[in-house]
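# Structural description and commentary
So the chains spell out like this:
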Amino acid sequence: MKKIINIIAFILLLPFPVFAGDTDISETMKNSIVYLQISYYGYEQYQPWKNRDLTEGFGVGCAVAGNQVITTAYNVANAAFIRVKKADRNDYIQAKITVIDYECNLALIELDSNSLGKPLVPLIFSEKYKKGAGVNFYWLSVGSQMYSGRGFLDRAAVDSSTISFSQILTFVAAGISDSTASGQLYCLDNKPLGIASWSNENKEAGIIPAKVINRFLADVKDGTYNGIGSVGFEVSRLLEPAMRKYLKMPDDLQNGIYISDIYTIGTGSDILKSGDVLLSIDGFELNPYGRFKHPQFDIISFDYLITNKTAGEKISFEIWRDGKKQLIETLVKNFDVSRMLVPWYELDRQPEYIIIGGCIFQKLTKSYLAGRGGDWQGKVEPHIYNYLLNEAFKPTGERKEIIVLSYCLPANINLGYHNLSQFVVDSINGMKIRSMKDIPVALALNPQAKYDVIEFEMEQPAIVLDRSQLNSAGLEIAKNYGIDKLSNINP
Amino acid sequence: MKITAISILLLLVTICAAKPDMSKSVVMIQIVKQPFDYTTPWKQTSIAQGVGSGFIIAGNRILTNAHNVSDIRYIILKKENVAKKYPATVEFIGHDCDLAIVKPTDFSFFENTQPLSFGTLPQVNSTVSTYGFPMGGTHISVTEGVISRIQTDAYVHTGADAHLVVQTDAAINPGNSGGPVVLDGNVVGVAFQGMMQADNIGYMIPTTVIEHFLLDVNDGKYDGFGSLGIMLFAGLHNESYKDYLKLPADTQGIVVTSVMLNSSAENVLQINDCITQIDNYDVDNDGMITIYGQKYHLSEVVETKQIGQSVNLTFWRSGQKQTAQLRVQLNRPVFEIARLYDNPPPYVCFAGLTFVTANRNFLETWGKSWISDIPHTLRYLMSDSPQLNKDRLRKEYVVLAEILPDQMNAYADEFINKPLETINDTPVRSISDVRKAFENKDCEFYILKFMNSEKPLLMDARQAHQQNDAILKKYNVPSWAFTENQL
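Model, not experiment: these values are computed from the prediction.

## Let's talk about the overall build of chain B
- Within chain B, the secondary structure is distributed over nine helices and 28 strands.
- In terms of overall dimensions, chain B has C-alpha extents of about 100 × 70 × 40 Å along its principal axes.
- Restricting to contacts in chain B with at least 6 residues of sequence separation, those with at least 24 account for 62%.

## So, the overall build of chain A
- Each helix and strand in chain A was counted, giving twelve helices and 28 strands.
- With the principal axes as the frame, chain A shows a C-alpha extent of 105 × 70 × 40 Å.
- Burial status across chain A gives 41% buried among its 491 residues.
- The long-range fraction of contacts in chain A, counting pairs at least 24 apart against all pairs at least 6 apart in sequence, stands at 62%.

## Overview of the interface of chain A and chain B
- Each side of the interface is counted separately: chain A has 32 residues, and chain B has 31 residues.
- For the side of chain A that touches chain B, the secondary-structure elements that each account for two or more residues are helix H6 (241-246), strand S14 (257-262), helix H9 (376-379), helix H10 (382-391), strand S26 (451-456) and strand S27 (463-466) of chain A.
- Of the residues forming the side of chain A that touches chain B, the biggest block, six residues, is contributed by H10(A).
- For the side of chain A that touches chain B, the residue count by class is 16 nonpolar, nine polar and seven charged.

## Quick look at the confidence of the model for chain B
- Per-residue pLDDT for chain B has a mean of 93; in total, 94% of the residues score no lower than 70.
- Both confidence scores are given for the complex: pTM 0.92, ipTM 0.91.

## Overview of the nonpolar core
- Ranked by internal contacts, the top residues of the largest apolar core, which has 202 residues, are A:Cys62, A:Leu185, A:Tyr186, B:Phe355 and B:Val399.
- Residue contacts for A:Leu185: discarding those within four places in its chain leaves A:Met29, A:Ile33, A:Val60, A:Cys62, A:Phe137, A:Tyr138, A:Pro192 and A:Ile195.
- The next biggest cluster of nonpolar side chains, apart from the first, holds 52 residues, and it includes B:Ile62, B:Ala66, B:Ile172 and B:Val187.

## With respect to the pairing of strand S24 (residues 423-428) of chain A
All names here are of chain A.
- Bridging between strand S23 (residues 403-408) and S24 involves two bridges; their strand directions are antiparallel. Its bridge partner lying in S24, Leu405 is registered against Phe423.
- Looking at chain direction, S24 and S26 are connected through three bridges and run antiparallel. The residue of S26 that forms the bridge with Ile428 is Ile454.
- Between S24 and the antiparallel strand that follows it, strand S25 (residues 431-432), lie two residues; Asn429 among them carries a positive phi value of about 50°.

## Describing the sheet that holds strand S7 (residues 134-140) of chain A
Residues and elements named next belong to chain A.
- With antiparallel pairing, six strands are arranged side by side around a closed barrel as S7-S8-S9-S12-S11-S10. For this sheet, the mean angle separating the axes of adjacent strands, direction not counted, is 45°.
- Here strand S8 (residues 146-159) pairs with strand S9 (residues 168-174) via seven bridges, running antiparallel. Within the sheet, the bridge partner assigned to Val158 lies in S9 and is Leu169.

## Quick word on the domain arrangement of chain A
Residue and element names in this part refer to chain A.
- When cut into domains, chain A gives domain 1 (15-225), domain 2 (233-331) and domain 3 (338-488).
- Of note, the centres of domain 1 and domain 2, computed from C-alpha atoms alone, are 33 Å apart.
- Residue-level contacts link eleven residues of domain 1 with ten residues of domain 2.
- The set of elements that each furnish at least two residues to the side of domain 1 that touches domain 2 consists of S8, S9 and helix H5 (210-221).

## Points about the packing of H10(A) against helix H7 (residues 376-388) of chain B
- Interaxial distance between H10(A) and H7(B) falls to 9 Å at its minimum, and their mutual angle equals 150°. For the pair H10(A) and H7(B), the sense of crossing is left-handed. Between H10(A), through A:Pro382, A:His383, A:Tyr385, A:Asn386 and A:Leu389, and H7(B), the contact on the second element is made entirely by B:His376, B:Arg379, B:Tyr380, B:Ser383 and B:Asp384.
- Of the residues assigned to the contact of H10(A) with H7(B), the class counts are four nonpolar, four polar and two charged.

## A few points about the environment of A:Val231
- Position of A:Val231 relative to the elements: it lies in the loop between H5 and strand S13 (233-236).
- Residue contacts for A:Val231: discarding those within four places in its chain leaves A:Gly266, A:Thr267, A:Asp303 and A:Ile306.

## Structural notes on the confidence of the model for chain A
- When pLDDT is averaged along chain A, the result is 94; 96% of the residues meet or exceed 70.
- The low-confidence segment residues 1-21 of chain A (pLDDT under 50) makes eleven contacts with residues lying over four places distant or belonging to another chain.

## Here we look at unusual backbone geometry
- Within the chain, A:Glu459 stands out as a residue other than glycine whose phi angle is a positive 55°.
- On the basis of neighbour counts, which here come to 15 C-beta atoms within 10 Å, the residue A:Glu459 falls in the partly exposed class.
- One non-glycine residue, B:Ala351, adopts positive backbone phi at about 55°.
- By secondary structure assignment, the location of B:Ala351 is in the loop between strand S21 (347-350) and strand S22 (353-357).

## A closer look at the domain arrangement of chain B
Residues and elements named next belong to chain B.
- Segmentation of chain B into domains returns domain 1 (17-110), domain 2 (127-219), domain 3 (230-327) and domain 4 (347-486).
- Inter-centroid distance (C-alpha atoms) of domain 2 to domain 3 is 31 Å.
- At the interface, eight residues of domain 2 touch six residues of domain 3.

## Details of the sheet that holds S22(B)
All names here are of chain B.
- Across the sheet, which stays open at both edges, the four strands sit in the order S23-S22-S21-S28 with antiparallel pairing between neighbours. The sheet terminates laterally at strand S23 (398-403) and strand S28 (481-482), the two strands that pair on one side only.
- Bridge analysis of S21 against S22 gives four bridges, and the strand direction is antiparallel. In the strand pairing of S22, Tyr347 is matched with Val356.

## Some words on the pairing of strand S8 (residues 141-155) of chain B
Residues and elements named next belong to chain B.
- Summarising the sheet, strand S7 (residues 127-132) and S8 pair through six bridges and their orientation is antiparallel. Within S8, the residue paired with Thr130 across the bridge is Thr143.
- Pairing of S8 with strand S9 (residues 161-168), which is carried by eight bridges, proceeds in the antiparallel orientation. Each residue of the ladder has a partner; that of Asp153, found in S9, is His163.
- Between S8 and S9, which pair antiparallel in sequence order, lie five residues; one of them, Gly159, sits at a positive phi of approximately 75°.

## A short note on the environment of A:Glu313
Residues and elements named next belong to chain A.
- One can find Glu313 in the loop between helix H7 (303-307) and strand S19 (314-321).
- Residue Glu313 is classed as partly exposed on the basis of its C-beta count, with 14 C-beta atoms lying within 10 Å.
- For the pair Glu313 and Leu331, spaced 18 residues apart in sequence, the C-alpha separation works out to 5.5 Å.
- Ignoring any residue separated from it by four or fewer positions in sequence, one finds Glu313 in contact with Leu331 and Val332.

## As for helix H2 (residues 207-216) of chain B
- Counting buried residues in H2(B) gives seven out of ten residues, a clear majority hidden from the surface.
- When we look at burial in H2(B), the residues that qualify are B:Thr207, B:Thr208, B:Val209, B:Ile210, B:His212, B:Phe213 and B:Leu214.

## Here's the deal with the environment of B:Tyr203
- Mapped onto the elements, B:Tyr203 comes out in strand S12 (residues 202-206).
- It is 8.6 Å that separates the C-alpha atoms of B:Tyr203 and B:Asp169, two residues lying 34 residues apart in sequence.

## Points about H7(B)
- With 13 residues, H7(B) extends only 14 Å from end C-alpha to end C-alpha; this falls clearly short of the ideal 18 Å at 1.5 Å per step.
- Taken together, the buried positions of H7(B) are B:Thr377, B:Leu378, B:Arg379, B:Tyr380, B:Leu381 and B:Met382.
- Looking at the buried side of H7(B), the elements it contacts are H10 of chain A together with helix H5 (360-363) and S23 of chain B.

Conventions and cut-offs
- Once a new chain begins, its residue numbering starts again from 1 and follows that chain's sequence as written.
- As a convention, the first chain written is A and the first ligand written is 1, with the rest following in written order.
- pLDDT decides what is reported in this predicted model: residues at 70 or higher carry local features, side-chain atom pairs at 80 or more are listed and counted, and totals for whole chains, interfaces and linings draw on all residues regardless.
- Each helix is a run of H or I in the DSSP string that is no shorter than four residues. Each strand is a run of E no shorter than two, and both are numbered from the N terminus.
- A pair of residues counts as a contact when their C-beta atoms, built from backbone coordinates, are separated by no more than 7 Å.
- Neighbour density around each residue's C-beta defines its exposure: 20 or more other C-beta atoms within 10 Å make it buried, 12 or fewer make it exposed, and counts between make it partly exposed, where C-beta atoms are placed from the backbone.
- In this classification, Asp, Glu, Lys and Arg are treated as charged, Ala, Val, Leu, Ile, Met, Phe, Trp, Tyr, Cys and Pro as nonpolar, and every other residue, Gly included, as polar.
- pLDDT measures the predictor's confidence residue by residue and takes values from 0 up to 100.
- Joining buried Ala, Val, Leu, Ile, Met, Phe, Trp, Tyr and Cys residues through C-beta atoms within 7 Å gives a set, and that set is a nonpolar core.
- At least two DSSP bridges between two strands are required for those strands to pair.
- Here an angle of 0 to 180 degrees is reported between the N-to-C directions of two axes, which are lines fitted to C-alpha atoms, with helices fitted over the stretch in contact.
- Where a domain begins and ends is set by an automatic assignment or by a domain database.
- In this scheme, a crossing is called left-handed if the near helix is turned counterclockwise away from the far one by less than a right angle; it is called right-handed if the turn is clockwise.
- Multiply 1.5 Å by the residue count of a helix minus one, and that product is the helix's expected span.

Structural data, given as structure tokens:
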């Protein structure tokens, strides 16, 4: 009897990580984890008719069905070709992306069933969270070897990924023994916890947790992907006693965050107003920093209460407006990045452009500006940067996209305009330009007119081009500068 | 034989004229400087000492560079081979052309000296001598070089002005600044700046600019170089553009793309006017005219005018040829992009919030790479204020530069470096407007709205006034407001 008691005491005293590590699940994981080989083939931002040089990368795929794996969206951004290697086979299996969502940084990849062989064993992601607990992570090498590493769960945070604008739930593992990231499978108590999205020099890794993955998989299930809730407003902390007094908030009302800006897209954009105080979302009280107490994850940002939902779900906001509390209910909204006035990224497709008389017009995106290289924020023309910084989330019917004159490919037709660049297009042939699609329409206006006239914002000089020369000049410019097509405007 | 004699005589005259005794004309200027702090504007920054050069000109004046004697606290003049030090003051200073006139307090300084006279714009490839005190030293140094080219270029002292400069390969080093560049015994320029990345490229201010400065100060004050208040575009190289503007095929000229708010050009010129002549100079498609025997930008005509004088313009508008007179004015942008010197910067420091005028000096407090490091809104205004500002009454932009921490302003840090738009819905168009707004105690709150920020900064008016003196005292601020009216 004493012996039994001793054994129980021993088990209870053992620190958890050692316990978890005792059972090696590497062999089992070989049935569910695959190696992804990705060839990337994006486009040049400043010569958008040209592909960038081919590059190669690798990632980890985690099975969610017999022939489906998930990985991070960032792993397969601008992928031209994806090959998959299973642990039990030497040959590559062709694969394609079926759903990709850069906002929650997840991609669903389907493996070619004909060359799949034995189906994969789907993983069930567990929504457990234990602060401080040991975690193991796994990835498969190209040589079919299952690697593993260790760390511990340090915190739950609400953060954006490398390119996304949405703040999503992220677990951070600290003291990790390998910093490969790229979709490695993290396990807690030998149960799948999430997949790695980033790592840093401080031996930390970001994990896309089960909650985010399971929402994504549930959303995918019916064949229509709705996406996560997008936040449709900006907040600013509400600490100043003078401001609370001005807003006539009673002394006992200490919570709430100030709504400092409203977008034209996203959740709450149609019902919230600048100057409202957001007191709670779905019953969770927000503190003056916009954070709330989550039963599992402690104090985290309010964004989670929106980005953890699927577009179309109900959401309720309790606000302070006109000196009183109000409860408003609405539906969670999602917007695709392409709906932004200045999209934060444009991936997996050719950037939109049109070349008129050698003058290159492009749609303004963050990726376009980032093409200027390191410290681009301090280099780009402030008038253009202002659209990204202050207007990006505010498209309107009159202004859906910002079109810029990128630069001119010197030719006789544009003599005198060679040095013009980085101007924002206001109108063409008298028609206000709302988006790329307007340009061909505007160019067809006034058929009797001798010239196309392109006017810009900020009192920049206009560009006047002789219509009778446009076709021949276009052909010559395309030949001279090696351009296969003079425009790429998405339908 | 006779001819030879005359030739020798002429040669002797030339040699005599080319070698005046420079020790009687070139002076050493020892200086102590202390600029103002543009973030904490009631303070002055560190003290610096240096040496520059200057030279005596007619009328018992000493000409030197403005950058030698800007933000000056103390000046001493020294003559070659004379032990006595002569304290001096700045009589006139033109920062935009980097020239200044210094005068000793004791006029016995001019005993046994010789003023230098001025020549004209030198020919390229002529040999000139530069005199001064490079890198300190006790004796006048002379270096010889040739004139490499003459063109319009930036004057780095203000960072925002451009005038004609003469480039020479004579070494111009720190300390040379303000010294004369001499050709055939006459001053043809004032040495003033060099090029860091290049060997032996030095620049001098030509006599065209010096003459403008000397003529300007004749009335007892310096007004500066003016402009026409327009932006121009060299677009007529394109025949379609020319035809679109209804210009005759053989027209040469330059097109107006922007007319500055409150400039004299507002009533004279319009966008898309094409200027073909300025005074009697024909303007070409690059905006160049033939002046001083060379092609220079048409602004060279404006450079010859004093503020208030006019130029005659011939221009085309909607197919019609027109003429008009246009007055030359200062036309400074509401966001001052030229570096300022000498005057203490105006400010308002209320409830621990320090407001200053947004200008280049303030932006340069961000350090070497300030252009890329400054906050976006300030960079936007600096670069585009002529297009962005539609308010005729705006004098300047005001920015919250610093917060002197106190419970009163504990949560105001999110507004730092933002330009102020209104206080209690009254537009802030100058730093004086901020002072006036806070002088008004007849309100419960001060509601401060900043650009690109929907959320206002709120202050309890009564509390703010109560706390103000204690904050000023704690942080040794001499006065809560120092605005233009008090300068």
